Amino acid sequence: MACLFCRIINRELPAGIVYEDDEVLAFEDTAPQAPTHLLVIPKRHIATLNDLEAGDQALMGRLPLVAARLAKERDLAEDGYRVVMNCNDDGGQTVYHIHMHLMGGRRFTWPAG
Ligand code: 5GP
Ligand code: ZN
């Protein structure tokens, strides 16, 4: 399996895993852009937001629930945090297994760069 994140799911690559259930995995980003920078992914390989189908609704709905739970656990909820999903080149996507960034612990600017 060539996909980097599928290899993390299959434990073929090490990662700082912080949450796992039957359908979702969350782990530390190796190039953190904030004091907390986690990636929340579905265990099923989906390349980009463009590849989502109607049947993926429940699975994808779990990502923000897990992100919010992790943010609360890390005491980020009240101050706030940022969740981001990048799609394709112009969106800044570099790993083609859909993922939600959870970043917190500093103040973010808007609009995104
Ligand atoms: P994207 O740019 O696709 O939205 O986000 C991909 C993220 O994956 C980046 O923030 C990058 O630092 C992270 N990343 C890339 N390779 C690895 C890796 O091997 N392990 C982990 N944990 N994160 C990675
Ligand atoms: Zn994958």
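Predicted model, so just to flag it, every value in this text is computed and none were measured.

Engineer: Whenever I open this one, the pairing of strand 3 (residues 36-42) confuses me. Can you help?
Structural biologist: Both faces of the sheet carry side chains from a regular strand, because those side chains alternate between them. Burial analysis of strand 3 places 7 of its 7 residues in the buried class, which makes it a mostly covered element. Residues of strand 3 alternate between two faces, with Thr36, Leu38, Val40 and Pro42 on one and His37, Leu39 and Ile41 on the opposite face, all of them buried. Bridging between strand 2 (residues 24-28) and strand 3 involves 5 bridges; their strand directions are antiparallel. Across the sheet, residue leucine 25 finds its bridge partner in strand 3, namely isoleucine 41. Pairing of strand 3 with strand 5 (residues 100-104), which is carried by 5 bridges, proceeds in the antiparallel orientation. Along strand 5, the bridge assignment pairs histidine 37 with methionine 103.

Engineer: Help me out: how do you make sense of the sheet that holds strand 1 (residues 17-20) in this one?
Structural biologist: Note: strands within a sheet are paired through backbone hydrogen bonds, in either parallel or antiparallel orientation. Spatially, 1-2-3-5-4 is the arrangement adopted by the 5 strands of the open sheet, whose pairing is antiparallel. Each edge of the open sheet is held by one strand with a lone partner, namely strand 1 and strand 4 (81-84). Recorded for the sheet is a direction-independent mean angle of 20 degrees between the axes of neighbouring strands. Packing against the sheet, helix 2 (residues 57-73) makes contact with strand 1, strand 2, strand 3, strand 4 and strand 5, and its axis sits at approximately 155 degrees to strand 3.

Definitions and cut-offs
Counting from 1, residues in each chain are numbered in the order their sequence is written. Following the order in which they are written, the chains are lettered starting with A and the ligands numbered starting with 1. Two thresholds apply to this predicted model, a pLDDT of at least 70 for residue-level local features and 80 or more for giving and counting side-chain atom pairs, whereas whole-chain, interface and lining totals are computed over all residues. The side-chain quantities take in all heavy atoms of the structure and omit both hydrogens and water. The buried label applies to any residue whose accessible area, calculated with a 1.4 Å probe on protein chains only, is under 20% of its type's maximum; exposed applies above 50%, and partly exposed to all values in between. In this description a helix means any DSSP run of H or I spanning at least four residues, a strand means any run of E spanning at least two, and both kinds are numbered starting from the N terminus. Two strands qualify as a pair provided DSSP detects at least 2 bridges between them. The convention used is that axes are lines fitted to C-alpha atoms, helices contributing only their stretch in contact, and that angles between N-to-C directions extend from 0 to 180 degrees. In this description, contact between two residues means that some pair of their heavy atoms is separated by no more than 4.5 Å.

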